[in-house]
Amino acid sequence: MRTQFSRTRRRVAGIALLLASALAATAVPAAVAAPTEPPAAAATTATTATTAERPAPTGPGTDHATDDPFTADRTNWFRQDRFGMFIHFGAYSNLEGEYKKADGSVCRDAEWIQRQCDIPKAEYEKQAATFNPADFDAKAVVKAAKDAGMRYIVITSKHHEGYAMWPTKVNDWNLRDHSSFDKKRDILAELKKASDDAGIKLGFYYSIWDWHDPDFPDPATFPKYEKRMRAQLKELVDNYDPALLWFDGEWDTDKPNNPWTAKDGEKLEAYLRDLDPDLVINNRVGKRRVVDGDYGTPEQEIPGAPVDGQLWESCMTLNGHWGFARYDTNWKSSSTLVRNLLSTTSRSGNYLLNVGPDARGRVPQPSVDRLKQMGDWLRTSGQGEAVFGARYGGLVEEPSWGSVSRKGDKLYAAVTQWPASGAALHLKARTDFRVTSARVLGSDQKVTVTKSGDGIDVKPSGAATNDTATVIELKVDPGPTARPGKGKGLKQEIFDNADLSGTPKITRTDATLNHAWKYEGSPAASIPSDQFGIRWTGTLEPRRSETYTLTTVSDDMARVWIDGKLVIDSWTPHEPKIDKAQVALTAGKRHSVKVEYAEQTGEAHMKLLWSSPGQEQQVVPATQLYAR
Ligand code: FHN
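Residues numbered from 1 in each chain as written. Predicted model: local features only at pLDDT ≥ 70, side-chain atom pairs only at ≥ 80, totals over all residues. Heavy atoms only, no water.

For the protein, an unreviewed UniProt entry supplies the name alpha-L-fucosidase and the organism Streptomyces rectiviolaceus. Under the UniProt heading Sequence similarities (unreviewed entry), the note attached to the protein is "Belongs to the glycosyl hydrolase 29 family." (UniProt positions renumbered as here; feature names shortened; annotations may be inferred.)

In structure tokens, the structure reads:
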């Protein structure tokens, strides 16, 4: 359980981080509202929250990009752990996926059942009053996650139905005040303790879209809902110290109308970052875009490659439903699930796999069985090395016969289509590298590796070790990587117009092009949040000699020159957008770089990232940027 001290420490650290990033730009420190001490827990009535709003950073000079999620300590656990358990559990679970309508017909859905089956509010509240998940066993849930090899858990604290799964003081639509459950119990506290005891991170899913709160649908009353939502989120952060918040229900929709906007997301994210600078937050806090939160959230699918500009996590069901549905026995095989995990890892993504406890709070046995089988595969012969702490292979193209992840100086080729006797597995190289040794995990068979055409041939001499995936470990020499540079950042000229005309108002060194001014912010307190421009100039020093992918995340306009050549031209106003260029760079060489950016109106974002076969995606670090 969080102590007041630990949160204060976090917040102090957070301010230091904000100021450090501001000072690093040798700028006037961003106008960060010095958070006041949190108001004493306000006494609240059952239906409204009076917790005072804390002034989150905003206004000219505010920059919400306080670190790079690709390299920050704050996100390190998320980038290493790779595999998590999603839990969909709410009042909907009490119906177990079926509702008998007045006309005798049976309507089926899971966590959407109230809306999809048109259950009247009073009727839904009546059934929720009988909800009694007495058999919910946090230790058993955490054991199932550990047995699977899962490193973090995300549970629905409040789904679209608006029903809180913790004893919130904000209203009485919750598991404590509106159920038949033991009023002395708190399942989120039980799960927090069991997760802490097991060394597993705990996060909360929280739906912005709320079908129950009367103030939600009408934009005129929506601020009242927002106040209650923030009060609930503060309860979750203060009382359970989550590592992660998984927002959902951010999209434009009706029944009920959803007034949520990208600007609302900016304000909520700023509020949460101020509340706890360590939080990892997904992109559905805003509008599920590359500039929202710390990571993208593809659902029921796996992107075909690393995602540009953002970390990512694919969430999936074990059968066909998120919430429990007693009739849904369409369980994925453990082999499919392991292969999904290997695919996400090999593209630098995470896999969040869902379980849906039943009305009594029990995780279905077929779920538990498959999770155990996944863990058994991961624990066999060190095969988990291909997942935990691993990432995009980078040095080779993804093969058709499986996937390739990288961990340090090893590539892990997870083979799902074992070659015929005497045949080889071909890997197309993306850069020069050498294989210094090769072995099949769980077998002492000989493996030969030879250069072949556009890459290498890997020839095992024996049989696959299992039907799911046999892992071949290739120890590699990735070729020379220069020591980190001594750069401090690029020269930055800031104009108070979007034409970059006239004399720059501010000239300074900018450590990294990693900025999220969003709607209200700007590069300095003296620069308005609209109609400003920036030119960065200097040199960029790569650490490897290979083809780099330069990626910009920009809103409104951006363009990039390398060695005098225009390589990214995105000079027409746009919403948050990714642009990329392939550029051959030479290790240790100072390549001239110029970046121009313009903000006309609305949101303002500018990031410059790079990646290469031997360099994982990151914001181009200051050490590799020089003002001349
Ligand atoms: O509507 C929800 C759905 O019920 C479920 O929670 C998934 C899980 O990510 N998210 C939304 C659909 O995108």
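**Q** Could you give an account of the state of the cysteines, with specific residues and numbers?
**A** Here a disulfide denotes one covalent bond, and it connects the sulfur atoms of two cysteines. On inspection of all chains with the given rule, the structure shows one disulfide. Cys107 shares a disulfide with Cys117; S-S distance 2.0 Å. Taking the sign of the torsion about the S-S bond as the criterion, the disulfide between Cys107 and Cys117, at about -80°, is left-handed. Here Cys117 lies in the loop between helix H3 (113-116) and helix H4 (121-128) and Cys107 lies in strand E3 (residues 106-108), a separation of ten residues in the sequence. (Disulfide = S-S within 2.5 Å. Helix = DSSP H or I, 4+ residues; strand = E, 2+ residues; numbered from the N terminus.)

**Q** Could you give an account of the UniProt feature "domain: PA14" (unreviewed entry) in the protein, with specific residues and numbers?
**A** As annotated in UniProt, the feature "domain: PA14" (unreviewed entry) corresponds to residues 485-624 in the numbering used here. In residues 485-624, helix accounts for 0% and strand for 54%; the two terminal C-alpha atoms are 5 Å from one another.

**Q** Any details on the pairing of strand E27 (residues 591-599)? Residues and values, ideally.
**A** The buried fraction of E27 is high, at seven of nine residues. Note that strand E22 (residues 532-540) and E27 share nine bridges and pair antiparallel. Bridge pairing in E27 places Trp536 opposite Val595. Here six bridges tie strand E24 (residues 557-562) to E27, and the two strands are oriented antiparallel to one another. Bridged to Ala558 within E27 is Tyr597. (Buried < 20%, exposed > 50% of the residue type's maximum accessible area, 1.4 Å probe, protein only. Pairing = 2+ DSSP bridges.)

**Q** Just give me the short version of the sheet that holds strand E12 (residues 402-407), but keep the residues and values in it.
**A** An order of E11-E12-E13-E18-E15 is seen for the five strands of this open sheet, with the pairing classed as antiparallel. Edge positions in the sheet fall to strand E11 (391-392) and strand E15 (434-440), since each of these pairs with one other strand and no more. Looking at chain direction, E11 and E12 are connected through two bridges and run antiparallel. Pairing of Tyr392 across the sheet is with Ser405, part of E12. Running at roughly 50° to E12, helix H9 (residues 334-345) makes contact with E11, E12 and strand E13 (410-415) of the sheet. (Contact = heavy atoms within 4.5 Å. Axes fitted to C-alpha atoms, helices over the stretch in contact; angles between N-to-C directions.)

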